[in-house]
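Structural overview for review
Here are the chains, one letter per residue:
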Amino acid sequence: MDYLCPDCLGELEEKSKKFICLKCGNEYQVQENIPVFCQNKDFFHSELTKQEMNQLLAFAERDDWHSEIGSFFKEQPEDKKAIISGYLIKETKAAWKYLLDLKKREKVLVFSSGVSDPSLCLSRNFTKVYTLDFSRENLQLLRIKARRQKRDNIITIQAGVAPHLPFREDFFDAAVLNDIITWSPLFRAGNPRQTQKDLLTELSRVIKPDGQLYIGTENRFNFQYFFGQPEEYSGLRFITLLPPFIANIYSRLLRGKPFRARYHSQQGYRQLLFQSGFDKVHFYSPIPDFRDFHTILDLAAGSRQTQSSAFDQKNFKARSEEHTSEPQSHSFTSYAVFCLKKKTFSF
């Protein structure tokens, strides 16, 4: 059995399309071959509306889905076209996978982020890809795409908000948090930074001792924020630059609710990861940003590399060994963060 109870980490028994915890007695349904390890199985979160997503799912199931989706695509505004293209076509968003040690390719855990979901791309490099998402619709679309591409090694799980991840200790060779860590406090109660730490600590538990964690995330001190670019979640200007308690006051005054998204600087992420069990942390700056980049800057080596050369791991390691000092602060838009649990590993 791959899974444990997400509430108490007890052993599960599978009976007639559900899992029963032998320790606390909780029951978890399996719907359309997707285990549901969350309380709100109808939760929906996507860059598309639920109606648009249901249309997309209906088109994707049809034999003539290319023409159907083409017609649907043409009717959409430009911002939605980019989102739909990301859902159905573009896989270069996962080019960062070459930062991972792909020799250890047995099992990888992916926290799906809707349009940026990298599961299909990773399924070519790992024996099994376990994809978690809060929203069933995102998982259904992923399963349709995987079936059409004959990728039978993607396992979908509806989960993410329980006290624990529903897996055993030291289960995964790698895990991916792409466009997740900043927003995770929106889906969990409690202190925002502590919820981020709890999630990372759980990842440290389920990743093997020499396992890897990749994080794609925003930079609190993104230079664009200094010029007044609104923050994506709240729509407020300059809010990431403020101390959290002042940001909350600012958000309550203008929006009537606290600001729960939590951004960090390079040093802030380093401290958070170290406190969560990751001993080796290495930063890159994707250009223009982590969601879709053509160039990456190794912040330890201080050198710019294009995609054609950036993902030569030997070069990355050699550069990192030769340059041990890192700048104290950066105004890059975002970070690609590569983390390891084991202290004895060296880049």
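The structure reproduced in this document is the subject of the present report. (Residues numbered from 1 in each chain as written. Predicted model: local features only at pLDDT ≥ 70, side-chain atom pairs only at ≥ 80, totals over all residues. Heavy atoms only, no water.)

1. Focus on the sheet that holds strand β4 (residues 34–35)
Our working rule: Two strands pair under a simple rule: DSSP has to find at least two bridges between them. Numbering of helices and strands starts at the N terminus; helices are DSSP runs of H or I of at least 4 residues and strands are runs of E of at least 2.
What the four strands build is an open sheet, ordered β1-β2-β3-β4; its pairing is antiparallel. The sheet is open, and its two edges are formed by β1 (12–14) and β4, each paired on a single side. Alignment of strand β3 (residues 27–31) against β4, held across two bridges, turns out to be antiparallel. Its bridge partner lying in β4, Val-30 is registered against Pro-35.

2. Quick look at the pairing of strand β13 (residues 334–340)
The side chains of a regular strand alternate between both faces of the sheet. Quick note on the threshold: The cut-offs for exposure are 20% and 50% of the maximum accessible area for each residue type, with area from a 1.4 Å probe on protein chains only; residues under the lower value are buried, those over the upper are exposed, and the others partly exposed.
The buried fraction of β13 amounts to seven of the seven residues, a majority that puts the element mostly inside the structure. Where strand β9 (residues 207–218) lies against β13, seven bridges are found, and the strand directions are antiparallel. Each residue of the ladder has a partner; that of Glu-218, found in β13, is Ser-334. Judged from the five bridges that link them, strand β10 (residues 280–289) and β13 form a sheet pairing that is antiparallel. Bridged to His-282 within β13 is Phe-338.

3. Describing the pattern of salt bridges
Stated formally: Here a salt bridge means any side-chain nitrogen of Lys or Arg lying within 4 Å of a carboxyl oxygen belonging to Asp or Glu.
All told, the structure shown has twelve salt bridges when counted by the stated rule. The salt bridge partner of Lys-15 is Glu-13, with a shortest N-O separation of 4.0 Å. Judged by its relative accessible area of 42%, Lys-15 falls in the partly exposed class. The salt bridge partner of Lys-107 is Glu-106, with a shortest N-O separation of 3.2 Å.

4. Some points on helix α1 (residues 50–61)
Put simply, the test is: Here the expected length of a helix is defined as 1.5 Å per residue gap, with one fewer gap than residues. Summarising the geometry, the arc corresponds to the directions from the helix axis toward the C-beta atoms.
Between its first and last C-alpha atoms α1 spans 17 Å; for twelve residues at 1.5 Å apiece the expected length is 16 Å, and the two agree. Of the positions making up α1, those classed as buried are Glu-52, Met-53, Leu-56, Leu-57, Phe-59 and Ala-60. The buried residues of α1 occupy one face: seen down the axis, they fall within an arc of 165°.

5. Concerning the packing of aromatic side chains
The criterion, for reference: Classification of ring pairs uses Phe, Tyr and Trp, with its six-membered ring standing for Trp, and accepts pairs whose centres are within 6.5 Å; under 30 degrees between planes counts as stacked, over 60 as edge-to-face, and the remaining range as tilted. The criterion is that NZ of a Lys, or CZ of an Arg, lies within 6 Å of the ring centre and within 35 degrees of the ring normal, and then a charge sits over that ring.
Counted by the stated rule, this structure contains 19 aromatic pairs. With a centroid separation of 5.8 Å and an interplanar angle of 80°, the aromatic rings of Tyr-130 and Phe-167 are classed as edge-to-face. On the criterion of sequence distance, the pair formed by Tyr-130 in strand β6 (residues 128–133) and Phe-167 in the loop between β7 (154–158) and β8 (172–178) is long-range, its members being 37 residues apart. For the residue pair Tyr-130 and Phe-167, the accessibility class agrees, reading buried in each case. Classification of Tyr-130 by relative accessible area gives buried; the value is 0%. Looking at Lys-107, its charged tip hangs above the ring of Phe-171, at a distance of 4.7 Å from the centre.

6. A word on the environment of Glu-106
Condition: Any two residues whose heavy atoms approach within 4.5 Å are treated as being in contact. Polar contacts here mean pairs of N or O atoms no more than 3.5 Å apart (in protein, one a potential hydrogen donor and the other a potential acceptor; neighbouring residues in sequence count only if both atoms are side-chain atoms).
Along the chain, the position of Glu-106 falls in the loop between α3 (78–88) and β5 (107–111). Assessed through its relative accessible area of 39%, Glu-106 is described here as partly exposed. Not counting residues up to four positions away in its chain, the partners in contact with Glu-106 are Phe-126, Thr-127, Lys-128, Asp-173 and Lys-208. For Glu-106, the side chain forms a polar contact with the side chain of Lys-107, separated by 3.2 Å.

7. Some points on a nonpolar patch on the surface
Keep this limit in mind: The residues that make up patches have over 30% relative accessible area and no salt bridge, and they are joined within 9 Å when like-charged or within 5 Å when they are Val, Leu, Ile, Met, Phe, Trp or Tyr. Residue burial considers only the protein chains on display, and all accessible areas are found by Shrake-Rupley using a 1.4 Å probe.
A surface patch of nonpolar side chains, amounting to about 540 Å² of accessible area, comprises Phe-245, Ile-246, Ile-249, Leu-253 and Leu-254. As for its placement among the helices and strands, Ile-246 is situated in helix α8 (residues 244–255).

8. Describing the side chain of Asp-298
Take Asp-298: it is sitting in strand β11 (residues 292–298). Side chain to side chain, Asp-298 and His-282 meet in a polar contact 3.1 Å long. A polar atom in the side chain of Asp-298 sits 3.0 Å from the backbone nitrogen of Ala-300.

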